Amino acid sequence: MEEEGPMSCPFCGIEADGDYQIMLHLETVHPEDGESPFVVKDDASIAALMSLDDEKDDRYANCPVEGCGEALLLTELESHIEMHEEEQDSGDDQSSRSSKRLKHEPPIEAAFDTKLSHALRNLEDVNERLESESPSSDRQAVAKATWKSILKMPDSSSKTAAPSSSKSNRRRLGKSELGPHAHEKQMPSWLVKLLQEQDGAIKSGVSIDNHGNMRKVRWRRNMAPGIIPVLEQLLEQDVFVEFAYLCDPAVRHVSKLKREGGFCGYRNIQMICSYIIGAESQGYEHFKGKIPSIFDIQENIEHAWDLGINAQGRIETGGIRGTRKYIGTPDAQAMFCCLGIACDAQGLKPKGNSRPAYDLLFNAVEQYFVNGCADYNPRVRCTSLPPIYFQHPGHSMTIVGFERKVDGSKNILVFDPMFHDSSHVTQLIGLRPFILKQPAEDVLRAYRRGAKYLKKYSEFELLKLTPPPKPKPEEDAQDSVA
């Protein structure tokens, strides 16, 4: 049997390594009706239609906590400092935390306003799409139908297409959207060295097991494994939790290095990749067992833009290679699509005076875990689901779970890349069972984001991996016999 070579586009001849990539190229560069569902318009990214004037973007303040180095929107500063307190002293009593907290009263006009991508807004908006009026050429339609038949791709002819719109000049984004380093050509050399030498660096230490024995351990300071099983036991010990869901335990909590600044989007991509690698999910072979570096991620996104996947990102940013410019959901989506990793982006924004955005978020996340749960009997329900890339204006995190408390309140459970796990958590990694001396609620606070935090935002974005189901062992056996 001949070995298959690279696949080439029937229109322009460009070569791609696999089925998924060539179909993405066809959909983005040679769409049937002149409008591609993968190439979003001017309003296609969370930052693209920011109503802030770049002349008025002095809305950032440096975190006062030593070693942080994060440039924050003023509206985020107080909650950011609170999370530092949780990071350092999970077991402190509430009065101690309150006495240490720095109070900041940012002016209301400093709020970070944004308009979400219409292309990503597939919740409550599906009925607004109209039939495109521009017919496709017979040659192109026949060629694409042939390719779809060969690749067993679903036919999109029955789906409604987005309305065609006149092309307008996409503008270059500024500090309001890309962060305080929006215009830099290259990040400083000291930061390049820091990321190359310290990101994922292995450290050694001593841990005590359940029997009181000391053992040597090695770990990556900012890429902590084994946090999900600890959260499972903490949730079990929290008497105020009615039920909770958790994602696959393969995901690592990837956090920032001291003084690195704002690479949150990259850190969340790394967390998603840690799941893909650990669970051997779709596309894991691309990473060769190693979480990609920030520089690797930049190269992947740039390559995706080269292929026409969410390519407006290059126009809006001027390119991200070697810089500290912020990235968002469309850029993460571009990277995963480029690697042939199936994913689904979703925008959440209420219509009119309906329920708040955080209500839509809670509903979407809970439904995600409900649909992927195999056993609803335990109070804490562990799943094999991927974590979720979560974006709100000004920051992004990785959703690893969901909980409802006995009083009816809800929380998403997150790994926040801005913060490390506290010693109260890391010392419990690998221990099973354990009993906490302080209330579990105090330790879990750093991972919870509820209505109090989320009500500041009117819209959110989610990016979920949608890998094909793994074949059952019986199916594998039948295939091998056949």
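Higher on the page you've got the structure.
Residues numbered from 1 in each chain as written. Predicted model: local features only at pLDDT ≥ 70, side-chain atom pairs only at ≥ 80, totals over all residues. Heavy atoms only, no water.

(A) Quick look at the nonpolar core. Among the nonpolar cores identified, the biggest contains 93 residues, and Leu231 and Phe336 are the most heavily contacted of them. A total of nine residues in this core trace back to one element, the largest contributor, which is helix H8 (residues 264–279). Setting aside residues no more than four positions away along its own chain, Leu231 makes contact with Leu246, Val400, Phe415, Leu444 and Tyr447. Core analysis: the next-biggest nonpolar cluster, separate from the first, contains six residues, Cys9, Ala16, Met23 and Leu26 among them. (Core = buried A, V, L, I, M, F, W, Y, C linked by side-chain atoms within 4.5 Å. Buried < 20%, exposed > 50% of the residue type's maximum accessible area, 1.4 Å probe, protein only. Helix = DSSP H or I, 4+ residues; strand = E, 2+ residues; numbered from the N terminus. Contact = heavy atoms within 4.5 Å.)

(B) Up close: the packing of aromatic side chains. As enumerated under the stated definition, the model contains ten aromatic pairs in all. For the pair Phe362 and Phe402, a centre-to-centre distance of 6.4 Å together with 65 degrees between the ring planes defines the contact as edge-to-face. With a gap of 40 residues between them, Phe362 in helix H12 (residues 357–371) and Phe402 in strand S13 (residues 395–405) connect regions that are remote in the sequence. Look at Phe402 and you get buried, because its relative accessible area is 0%. Between Tyr457 and Phe460, the ring centres sit 6.3 Å apart and the planes meet at 70 degrees, which makes this aromatic pair edge-to-face. (Phe/Tyr/Trp six-rings, centres within 6.5 Å; stacked < 30°, edge-to-face > 60°.)

(C) Inspection of the side chain of Glu366 at higher detail. The topology assignment puts Glu366 in helix H12. Relative accessible area serves as the criterion here: at 16%, Glu366 is assigned to the buried category. In contact with Glu366, other than residues within four places in its own chain, are Phe243, Phe402 and Lys410.

(D) Examining the packing of helix H9 (residues 294–306) against helix H11 (residues 329–338) more closely. The interhelical angle for the contact between H9 and H11, taken along N-to-C directions, is 80 degrees, at an axis separation of 8 Å. Judged by the angle between their axes, H9 and H11 are roughly perpendicular. Contact with H9, carried on its side by Ile297, Asn300, Ile301, His303, Ala304 and Trp305, involves Asp331, Ala334, Met335 and Cys338 of H11 and no other residues of that element. Classifying every residue of the contact of H9 with H11 gives seven nonpolar, two polar and one charged. (Axes fitted to C-alpha atoms, helices over the stretch in contact; angles between N-to-C directions. Parallel < 35°, antiparallel > 145°, perpendicular 65-115°, else oblique. Nonpolar A, V, L, I, M, F, W, Y, C, P; charged D, E, K, R; others polar.)

(E) Quick look at the packing of H8 against H9. Running from N to C, H8 and H9 point in directions that differ by 90 degrees, and their axes come no closer than 10 Å. Between H8 and H9, the angle falls in the class roughly perpendicular. Across from Tyr266, Arg267, Ile269 and Gln270 in H8, the residues of H9 making contact are Ile294, Ile297 and Gln298.

(F) Up close: H12. Relative to the 21 Å expected for 15 residues at 1.5 Å per residue, H12 spans 21 Å between its end C-alpha atoms, a close match to the ideal helical length. The set of residues buried in H12 consists of Ala357, Leu360, Leu361, Phe362, Ala364, Val365, Glu366, Tyr368 and Phe369. (Expected span 1.5 Å × (residues − 1).)

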